[in-house]
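Report on the structure
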Amino acid sequence: MRGPLAALLVPALLLTAACTGESGEVTDGPDVLRVLAGSEIKDLEPLLERAASEAGVRVKLTYTGTLDGADQVAGGRADGKLDATWFSSNRYLSLIDGAQAKLSTQTKIMVSPVVLGLKPAKAAELGWDAEQVTWADIAAAARDGRFSFGMTNPASSNSGFSALVGVAAALSDADGALSAEQVAAVTPRLKDFFSAQRLTAGSSGWLADAYARDPSVDGMVNYESVLLGAREPLTLVYPGDGVVSADYPLTLLASAPEEKKVLYGKLAAWLRTPAVQKEIMTGTHRRPISGGVPLEPRFSSAQLIELPFPNRRSTADELIATYLNQVRVPAQATFVLDTSGSMKGGRIDALRQALVALTGADTSVSGAFTRFSNRETVTMIPFSGSPRPPVPFTVPERNPEAVLAEIRSFAEGLDANGGTAIYDSLKARLRPAGRGGPLRLDRAHDGRREHRRLRLRRLREPLPVAAGGQAPRADVRGAVRGERR
């Protein structure tokens, strides 16, 4: 969010691997529980490896994003392939039509509220290290430019979504579940709060990494567990009017066979034993769900008030759309597009489809919020033998359909021919971007590069470039969806 986002789009992408993966080489078997999990669970892998000897269950984890996972479960695509889910929260999933019928037993394993963490000096300057504040106090300080913060994208990360829900509920003084009318009424105050946002990311862990690299940002809104585990100490601010917490429910799928239900019961019971609960608290900074395990001193002993969550999917979707299209600092995205001759056939088709999906063509649960946002500046730079002139688009604040249609027409008109001037195209893109804030660049290609590959590698050294790798048949649209911010 501090600088433009550039994406080099070609059909050989490995970026999906950043969001999905498996724990070890476990394959299905009579003692294997196949679990669809959020990336937040990854820090439990060492502990889960012991479940085989201590609980008789080998755990096979497949990672996915929160909305992608909700879409997969609600749409029935997990049936027969997976036995359980383990996300930081099931709140959004439970709002999707038909999703409840896909879920069976839910066992909460641990807790982590979403709160604000600030550098100690900034917290002391604001007086928030010694007195309790509310979300309204925090929003007022944000409006006045007294501090800056980072937060994950609520369209792709539960911590960002929980923060958005919590702030909106608190600022609207909602006594019960948020309504669409309350979302509309609280939008001006949300603008005040998010005017101080300077960093974003697709997951809580990525946000922590980005924050650690940017000393100019004062803090971040994230899980308490992430803030307690930050590289540099943070002062945690627990708003007195409430928070939204993740409770990490290990959830059995209704389609799981009987033998998998037995494994689920064994694993859930083992995870809630006092010894394992204490180990989770010590190793991951999450609060134990079992009352028999006392909190360690680093956790706040104050009573946490849980803020109400929307009880309609339409309200939750409206809140996310309001954030993307009206509230957050307008986004900037640059796409460096490989249209060389090696892209002919299915590769250029995949590229066209990826861009068309970002104009609103993808109406799935996970794709609904990936379209170019209102107020977003989009720049397309096609290249083959040489970089072509940039093609800019600005999506208006209202009635974006006409500009989205222009982007769609541009994407559908892309053709593949000529050489592959990756180096010159990136150089043309990076040179002006280097004058501003950090550049997020996702580099991927179809494996047919020019002889300047080594020079490109050297070019990455002085600039904050995040590079994707090669994979001959990856999902271009999925990679774009995962990396655009």
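Residues numbered from 1 in each chain as written. Predicted model: local features only at pLDDT ≥ 70, side-chain atom pairs only at ≥ 80, totals over all residues. Heavy atoms only, no water.

So, on to the pairing of strand S2 (residues 32-38). Within S2, 7 of the 7 residues are buried, which leaves the element mostly enclosed by the surrounding structure. As defined by bridge partners, S2 adjoins strand S3 (residues 58-64) across 7 bridges and the pair is classed as parallel. By the bridge assignment, Gly38 is partnered in S3 with Thr64. Two strands pair when backbone bridges link them, and S2 and strand S4 (residues 84-86) are joined in this way by 3 bridges, in the parallel orientation. The residue bridging Leu36 from the neighbouring strand is Thr85, located in S4. (Buried < 20%, exposed > 50% of the residue type's maximum accessible area, 1.4 Å probe, protein only. Helix = DSSP H or I, 4+ residues; strand = E, 2+ residues; numbered from the N terminus. Pairing = 2+ DSSP bridges.)

Okay, the packing of aromatic side chains next. Applying the stated criterion to the full structure yields 12 aromatic pairs. Consider the rings of Tyr223 and Tyr248, whose centres lie 6.3 Å apart with planes at 50°: the pair is tilted. Of this pair, Tyr223 sits in strand S9 (residues 219-223) while Tyr248 sits in the loop between strand S11 (245-246) and strand S12 (249-253), and the two are 25 residues apart along the sequence. When its relative accessible area of 1% is taken as the criterion, Tyr223 is described as buried. In this structure an aromatic cluster arises from ring pairing among Trp128, Trp135, Phe147, Phe149, Phe193, Phe194 and Tyr323. Taking the ring centre of Phe309 as reference, the NZ or CZ of Arg91 above it sits at 5.6 Å. In this structure, Arg286 packs its charged tip against the face of Tyr248, placed 4.8 Å from the ring centre. (Phe/Tyr/Trp six-rings, centres within 6.5 Å; stacked < 30°, edge-to-face > 60°. Lys NZ or Arg CZ within 6 Å of the ring centre and 35° of its normal.)

Attention now goes to the confidence of the model for the chain. Averaged over the chain, the pLDDT score is 83; the fraction of residues at 70 or greater is 81%. Every residue in residues 1-24 is under pLDDT 50, and counting partners more than four places away or in other chains gives 107 contacts. Contacts for the low-pLDDT stretch residues 433-485, under 50 throughout, to residues beyond four places or in other chains number 135 contacts. (pLDDT = per-residue confidence, 0-100. Contact = heavy atoms within 4.5 Å.)

With mixed pairing, the 5 strands of this open sheet are ordered in space as S3-S2-S4-S12-S5. Looking along the sheet, the strands with just one partner apiece sit at the ends: S3 and strand S5 (103-108). Each strand axis lies, on average, 25° off the axis of its neighbour in the sheet, ignoring direction. Together, S2, S3, S4, S5 and S12 form the strand contacts of helix H11 (residues 258-271), whose direction differs from that of S12 by roughly 170°. (Axes fitted to C-alpha atoms, helices over the stretch in contact; angles between N-to-C directions.)

A few words now on unusual backbone geometry. For residues besides glycine, phi is generally negative; the peptide bonds are generally trans as well. Its identity is not glycine, yet Tyr248 carries a phi of approximately 45°, on the positive side. Despite not being glycine, Arg375 has its phi angle at roughly 80°, a positive value. Tracing the sequence through the fold places Arg375 in the loop between helix H14 (346-361) and strand S15 (377-383).

Relative to the helices and strands, Ala230 is located in the loop between helix H10 (224-228) and strand S10 (235-237). Note on Ala230: relative accessible area 22%, which makes it partly exposed. Through-space distance from the C-alpha of Ala230 to that of Ala212 is 8.1 Å; in sequence the pair is 18 residues apart.

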